[in-house]
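Close look at the chain arrangement
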Amino acid sequence: MSKIANYGEINLPLRVGIVGTGFAAKIRAQSLITESRTQLVAVAGRNPERTAEFAQSCDLLAVADWQTLVQMPDIDLVIVGTINSNHGAIVRAAIAAGKHTIVEYPLALDLQAATEIVQLAAAKKVLLHVEHIELLGGLHQTMREWLGHLGEVHYARYSTIVCQRPIPEKWTFHRSEFGFPLMAALSRLHRFTDLFGAIESVNCNNQYWGGVGDYYKTCLCTAQLRFKNSNAIGEVVYGKGEGLWQNSRKFEVHGDKGALIFDGDEGVFIQDGTSTPLDLGARKGLFAKDLEFVLDHLIDGKPNYVTPAASLATLRVADAARISAQIRRTVTIDSL
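What this report covers is the structure whose coordinates are included nearby. On a predicted model such as this, the values are computed, not experimentally measured, just so you know.

What counts and how
Residues numbered from 1 in each chain as written. Predicted model: local features only at pLDDT ≥ 70, side-chain atom pairs only at ≥ 80, totals over all residues. Heavy atoms only, no water. Helix = DSSP H or I, 4+ residues; strand = E, 2+ residues; numbered from the N terminus. Salt bridge = Lys/Arg side-chain N within 4 Å of Asp/Glu carboxyl O. Buried < 20%, exposed > 50% of the residue type's maximum accessible area, 1.4 Å probe, protein only. Contact = heavy atoms within 4.5 Å.

On to unusual backbone geometry. A cis amide bond links leucine 12 with the next residue in sequence, proline 13, at an omega value of 0°. Within the secondary structure layout, proline 13 lies in the loop between strand 2 (8-11) and strand 3 (14-19). Residue tyrosine 105 is joined to proline 106 through a cis peptide bond whose omega torsion reads 0°. As for its placement among the helices and strands, proline 106 is situated in the loop between strand 7 (100-104) and helix 5 (111-124). In the Ramachandran plot, lysine 125 falls in the positive-phi region, its phi being about 55° despite a non-glycine side chain.

Encoded structure:
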């Protein structure tokens, strides 16, 4: 079946190739296999053995490398779910080859490269979708629903601490392959830009400990945010590794009429000394929901839940945080 959509003629089912064989790629594959509008046909990974195992488990073609996969004429859509430092090059090549492309955040670890990729997708008239499934989750949706009850927001803080030991020498603990923490973990900033709008300035501190070469054992990154259209102060804390001793995931927003406190999978609305429990729903199924949004947008022209421009704007804030950590001063976004 074929139809004319915003991106030109769309032939269904869309033939899909995946770059990556990790946890997210496996969940993506499950969603694609059960979706009638897609046909998963090929996978490329960094490790030949894992790639072959992945291909066999999903009855796919194992491709030697991503460069070959993005050029395959029988692939319409490329999904990129590999190490962060490779995102930009793979997405650029896929779009240049005329493929619709889905990529896990970040689009690229270099802001200029990411900007050029967004422009290239527009010029080639192909889909570019930067996945931000945190926006679809129960916590974020509940925050949106209840935010108006807080009145004027004064303070928002999002902290995620992951203790892990021992630390293997893997790409998620590698400075250049994982990237600057708030670029690699872009969702921490994207919650703020989605809820409170454009960020005016950022003051960031980042520190690594231990490890050999570009590998580290512990990292901790903190940033204070000021917003263009709000007097609220925002804070982000992201840390992981052996030097941290208790897992924590907490998001709190305080206003002049109440507060929202989310601790792990539990949330409460606090007002006048009363705490109202909030139902955050299940965290499962978000990749399938993300895919549904993308296909509805690509095939039927429905609005997507996030745009490349929105992701790029947040990446610009993350890059400003990186610069701030280097020069140890507050950076105004518009000055860059």
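Right, let's get into the pattern of salt bridges. With the rule as written, the count across this model stands at ten salt bridges. In this structure, arginine 92 engages glutamate 116 in a salt bridge whose closest nitrogen and oxygen atoms are separated by 3.1 Å. You can see arginine 92 sitting in helix 4 (residues 84-96) and its partner glutamate 116 sitting in helix 5, a full 24 residues away along the chain. When its relative accessible area of 31% is taken as the criterion, glutamate 116 is described as partly exposed. Linking arginine 144 and aspartate 194 is a salt bridge whose minimum nitrogen-to-oxygen distance equals 2.6 Å. Here arginine 144 is found in helix 6 (residues 138-146), whereas its partner aspartate 194 is found in helix 9 (residues 187-196), with 50 residues between them in sequence. Given a relative accessible area of 27%, aspartate 194 falls into the partly exposed group. One salt-bridge network, in which partners are shared between bridges, spans Glu35, Arg37 and Asp296.

By the element assignment, threonine 82 lies in the loop between strand 6 (77-80) and helix 4. Taking relative accessible area as the criterion, threonine 82 reaches 11% and is therefore assigned buried. Each C-alpha atom of the pair threonine 82 and glycine 45 lies 7.7 Å from the other, and the pair is 37 residues apart in sequence. With residues up to four places along the chain from it excluded, the contact list for threonine 82 reads Val19, Gly20, Arg46, His87, Ile90 and Trp171.

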